[in-house]
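As a plain string of letters, each chain reads:
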Amino acid sequence: MVTHLTSFLAGTAADGAGRLIGDIWAKPDSWLESRHDFIQWLFPLPEPSGANAEAPLLSLAEAREIAARDDLRAALLTSLDTMTRLYGIERRGDCFTRSAAFPGLYRHWLGPIDHNHLRFTRMLRCLSLCGLAEVAAGLRRLLFDIAGQEAAGAWSMALRYWHDAELPPADWSRGA
């Protein structure tokens, strides 16, 4: 199944702003931190984005296609590595650790809930829905550990979102 979203993940189509996925992966951390119109393409969800009305909506068929294709899952993992680098987190398989750069240049994400916590929710949910549930579980474990060890803010709401991120939309259970 070829859609605009799967073509974007495959590197053959641009997002709504004309960027290829590889262009986004190559952006500096300052760009990744300051922009809010790309994450929805890297980690699509079935729910509309509050930050980007032009963001694609992940369908059940697309989620199944991503889960079935090595190249599309690899694109999600490269996007994940790109984003977690921003936070000083590194991945080996489905295991995540704090890197030597932890917590990254923009350490404010360890404080009160902000857009970065929403980004983690998006990453966890997309990975869970697209065949990478073990990777999502590994990241979730590290985030819960960080919440208990280093986080200066009240993350109870984010922890709830991260816990529930693996749940499929209700209409997907009917094969919609």
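Above: the structure in question.
Counting from 1, residues in each chain are numbered in the order their sequence is written. pLDDT decides what is reported in this predicted model: residues at 70 or higher carry local features, side-chain atom pairs at 80 or more are listed and counted, and totals for whole chains, interfaces and linings draw on all residues regardless. Only hydrogens and water are removed before side-chain values are computed, so all heavy atoms of the structure are retained for them.

Novice: I'm lost on the side chain of Arg19 in this one. Help?
Specialist: Secondary structure elements follow DSSP: runs of H or I no shorter than four residues count as helices, runs of E no shorter than two count as strands, and numbering proceeds from the N terminus. As for its placement among the helices and strands, Arg19 is situated in the loop between α1 (4-9) and α2 (21-25). In what follows, residue pairs with any heavy atoms lying within 4.5 Å of each other are defined as contacts. For Arg19, the contacting residues outside a window of four places in its chain are Phe8, Ala13, Ala14, Ile24, Trp31, Arg35, Asp37 and Phe38.

Novice: Any chance you could explain the packing of helix α7 (residues 115-129) against helix α9 (residues 156-164) here in plain terms?
Specialist: Each pair of packed helices gets described by two things: the angle between the helix axes and the distance between those axes. Helix axes are fitted only over the stretch in contact, all axes being lines through C-alpha atoms; the angle between N-to-C directions runs from 0 to 180 degrees. In contact at an axis separation of 9 Å, α7 and α9 are set at 10° when each is read in the N-to-C sense. Judged on the interaxial angle alone, α9 and α7 are roughly parallel. On α9, the residues touching His117, Phe120, Thr121, Leu124 and Arg125 of α7 are Ala158, Tyr161, Trp162 and Asp164. Each residue receives one of three labels: charged for Asp, Glu, Lys and Arg, nonpolar for Ala, Val, Leu, Ile, Met, Phe, Trp, Tyr, Cys and Pro, and polar for the others, Gly being one of them. Split into classes, the residues belonging to the contact of α7 with α9 amount to five nonpolar, two polar and two charged. For this classification, under 35 degrees means roughly parallel, over 145 means roughly antiparallel, 65 to 115 means roughly perpendicular, and everything else is oblique.

Novice: I keep staring at the pattern of salt bridges and nothing clicks. Help me out?
Specialist: Note on pairing: side chains with opposite charge can pair once their charged atoms come close. Any carboxyl oxygen of Asp or Glu that lies within 4 Å of a side-chain nitrogen of Lys or Arg is treated as forming a salt bridge with it. With the rule as written, the count across this model stands at 12 salt bridges. A salt bridge links Asp81 to Arg91; its shortest N-O distance comes to 2.8 Å. Taken together, the residues span a long stretch of sequence, with Asp81 in helix α6 (residues 70-86) and Arg91 in strand β1 (residues 89-92) at a distance of 10 residues. Look at the salt bridges and you will find they share partners, linking Asp15, Arg19, Arg35 and Asp37 into a network.

Novice: Help me understand the pairing of β1, please; the structure alone is not making it clear to me.
Specialist: Walk down a regular strand and you will see the side chains alternate between the two sheet faces. In this analysis, strands are considered paired if DSSP registers two or more bridges between them. Relative to strand β2 (residues 95-98), β1 is paired through four bridges, and the arrangement is antiparallel. Considered in β2, the bridge of Arg92 is made with Cys95. Connecting β1 to the antiparallel partner β2 that follows it, the hairpin turn spans two residues, and Gly93 within it adopts a positive phi of roughly 65°.

Novice: Sorry if this is basic, but what is going on with α7 here?
Specialist: A turn of α-helix holds 3.6 residues, and therefore any two residues three or four places apart point the same way. By this rule the span expected of a helix is its residue count minus one, scaled by 1.5 Å. Its 15 residues give α7 an end-to-end C-alpha distance of 21 Å, which sits within 8% of 21 Å, the value for a rise of 1.5 Å per residue. Burial analysis of α7 places 13 of its 15 residues in the buried class, the great majority of the element. A 3.5 Å cut-off defines polar contacts: any pair of N or O atoms within that distance qualifies, except that in protein one atom must be a possible hydrogen donor and the other a possible acceptor, and neighbouring residues in sequence count only when both atoms are side-chain atoms. With a side-chain oxygen positioned 2.9 Å from the backbone nitrogen of Asn116, the residue opening α7 is Asp114. Once α7 ends, the next one or two residues include Gly131, with phi positive near 85°. Per-residue accessibility, obtained with a 1.4 Å probe over protein chains only, is compared with the maximum for each type, and a residue is labelled buried under 20%, exposed over 50%, and partly exposed between these values.

Novice: I tried to follow the layout of surface pockets on my own but got confused; where do I start?
Specialist: With a probe scaled to a water molecule rolled over the atoms, the places where space remains empty come into view. Cavities and pockets are found on a 1 Å grid laid over the protein atoms alone: a cavity is a set of points where a 1.4 Å probe fits but cannot escape, a pocket is an open set with protein on both sides within 12 Å along at least five of seven lines, and a lining residue has an atom within 4 Å of such a point. Grid points are joined across faces, edges and corners, and a volume is the space filled by probe spheres set on the points. Approximately 350 Å³ is the volume found for the largest pocket. For the largest pocket, the lining is made up of 16 residues, of which Ser49, Gly50, Leu118, Arg119 and Arg122 are closest to its centre. Looking at the lining of the largest pocket, the elements with two or more residues in it are α4 (39-42) and α7. Looking at which element gives the most residues to the lining of the largest pocket, the answer is α7, with six residues. Residue classes in the lining of the largest pocket are distributed as six nonpolar, six polar and four charged.

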